[in-house]
Structures are given as C-alpha cells and as structure tokens.
Amino acid sequence: MNKWLLMASTAAVAAVATFFVLNSDYNPFVSPMTRACEVVLKKRLLAPAGYKRVEITENSEPLSLDDYLKDRNTTSESERLLWTRMYNDDIVGKNPPTKFTLFISYDAPNAYGTPVRGLSMCEYRSISASKLNAAWYSVIVDNFTQMGWLKDQLVKGNLQN
C-alpha cells in the first residue's frame, strides 16, 4: 500500500513542478547569459509582455589585454602590472578572459501595437571562459549596461514613473 502512495505522490509532485515550469518565463535550457540579456531587453521595450524571441546567434572570442585593462579602469602603473600578471596567469591556466556576444532577433509591439522585428546585441565580458556568471547588471545590451541606459534615459528626459 505504501509503495503505491509513494508512487502517486511522486507523480503528483512531478506534474505540479512541470505545470509551474511550463507556465513561467523560466526555461532550464536557456543559458544564464541569454536570460540576463532578455531581462534587460524586456525592461527597455514599450510592451515587454509582447516580446517573442525569433533567433539567437552566439559568438565568443578571447578578451584582449587592452580590453581587459580598460574594464578594470587601471589608472596607475602598479595596477596595470598587477592586472597584466593576473591576465597572463589566466591565459596560462587555460581559463582565458572571454568576450561573449549574443545577437537577439525578436518581435515586439511598437507604440501602436504593431509587431516589429528588432535586433539587439548583448555582450558579456567574463574574467574566465564561462558565461555562467552573467547577470542583468553585468551584461551590455546595445552598448549600455542597464544602469548606464537608465542614466542616459534620465539625461534625455525619457523616463516615466
């Protein structure tokens, strides 16, 4: 009797979990970078609920030493030497700093409600060869981080609420 009860409760838990995953925006098969990029992109749309991903193209390339140093805002020679040593250690350790790029093609309604195809570029500069640590605050969508975009909109007077 207990064996049947255990099987039935396991099936019920699996069914409820499947229902919640399928009815949410969470997709376990999408990378953290894709999720982070789409979160930022949706925040910038007029009607985020109408967003539909069409296609994603990914690219990755090693981050150059100059770009690595720019990201760290090195101001002194001692900082430059320290970061250069860390960069070289990562290269030797087969875990090179990497720049990941996503091109997201999507459909979203414009101000008149008409679906329009858009293309956004999302970039994540990782200190390693992994994009697992990408988050909404660390990705650059269309040349702006989310905070940089908000600041730009504030200066332009485009923010409402």
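Residues numbered from 1 in each chain as written. Predicted model: local features only at pLDDT ≥ 70, side-chain atom pairs only at ≥ 80, totals over all residues. Heavy atoms only, no water.

(A) Main features of the overall build of the protein chain. Within the protein chain, the secondary structure is distributed over five helices and four strands. Put simply, the protein chain runs from its N terminus to its C terminus through helices and strands in the order α-α-β-α-α-β-β-β-α. Relative to its 161 residues, the protein chain shows a buried fraction of 27%. If you take every contact in the protein chain between residues at least 6 apart in sequence, the share linking residues at least 24 apart comes to 57%. Only carbon and sulfur atoms are counted for the fraction: they give 59% of the accessible area of the protein chain, which is about 11,200 Å². (Helix = DSSP H or I, 4+ residues; strand = E, 2+ residues; numbered from the N terminus. Buried < 20%, exposed > 50% of the residue type's maximum accessible area, 1.4 Å probe, protein only. Contact = heavy atoms within 4.5 Å. Areas by Shrake-Rupley, 256 points an atom, 1.4 Å probe, with all protein chains shown as cover.)

(B) The arrangement of the side chain of Thr84 in detail. Looking at where Thr84 falls in the secondary structure, it is placed in helix α4 (residues 77-92). According to the relative accessible area criterion, Thr84 is buried, its value standing at 19%. Within polar-contact distance, the side chain of Thr84 engages the backbone oxygen of Arg80 at 2.6 Å. (Polar contact = N/O pair within 3.5 Å; in protein donor to acceptor, adjacent residues only side chain to side chain.)

(C) Summary view of a nonpolar patch on the surface. A cluster of nonpolar side chains, Met147, Leu150, Leu154 and Leu159, forms an exposed patch at the surface whose accessible area comes to about 390 Å². The residue Leu159 is located in the segment after α5 (146-156) in this model. Judged by relative accessible area, Leu159 falls into the partly exposed class, the value being 40%. (Patch = residues over 30% accessible without salt bridge, like charges linked within 9 Å, V, L, I, M, F, W, Y side chains within 5 Å. Salt bridge = Lys/Arg side-chain N within 4 Å of Asp/Glu carboxyl O.)

(D) Expanded view of the packing of aromatic side chains. Per the counting criterion, the structure on display carries four aromatic pairs. Taking 5.6 Å as the distance between ring centres and 85° as the angle between the ring planes, the aromatic pair formed by Trp136 and Tyr137 counts as edge-to-face. We classify Tyr137 as exposed; its relative accessible area is 57%. One aromatic cluster is present, formed by Tyr68, Trp83 and Tyr87 through successive ring pairs. The cationic tip of Lys43 hangs over the ring face of Trp136; the distance from NZ or CZ to the ring centre is 4.6 Å. (Phe/Tyr/Trp six-rings, centres within 6.5 Å; stacked < 30°, edge-to-face > 60°. Lys NZ or Arg CZ within 6 Å of the ring centre and 35° of its normal.)

(E) How the structure looks around the pattern of salt bridges. Throughout the structure, instances matching the rule amount to seven salt bridges. With its nearest N and O atoms 2.6 Å apart, the salt bridge here joins Glu38 to Arg53. Of this pair, Glu38 sits in helix α2 (residues 32-43) while Arg53 is found in strand β1 (residues 52-62), placing the two residues 15 residues apart along the sequence. When its relative accessible area of 9% is taken as the criterion, Glu38 is described as buried. On the accessibility criterion, Arg53 (39% relative accessible area) is partly exposed. Note that Arg125 is salt-bridged to Glu123, the shortest N-O span being 2.9 Å. Judged by relative accessible area, Arg125 falls into the partly exposed class, the value being 28%. Each member of the salt-bridge network shares a partner with another, and the members are Asp71, Glu123 and Arg125.

(F) Molecular detail of the sheet that holds strand β2 (residues 98-109). What the four strands build is an open sheet, ordered β1-β2-β3-β4; its pairing is antiparallel. Two strands lie at the open edges of the sheet, namely β1 and β4 (140-141), each paired on one side alone. Bridge analysis of β1 against β2 gives 10 bridges, and the strand direction is antiparallel. The residue bridging Glu58 from the neighbouring strand is Leu102, located in β2. The strands that α2 touches are β1, β2, β3 (115-126) and β4; relative to β2, the one it contacts most, it runs at about 45°. (Pairing = 2+ DSSP bridges. Axes fitted to C-alpha atoms, helices over the stretch in contact; angles between N-to-C directions.)

(G) How the structure looks around α5. The complete set of buried residues in α5 reads Gln146, Trp149, Asp152 and Gln153. Along the axis of α5, the buried positions cluster into a sector of 125°, meaning they face one direction only. Among the exposed residues of α5, those pointing more than 90 degrees away from its buried face are Met147, Lys151, Leu154 and Val155. Contacts made by the buried residues of α5 are with α2. In the stretch just after α5, Gly157 is the one whose phi turns positive, near 80°. (Arc of directions from axis to C-beta.)

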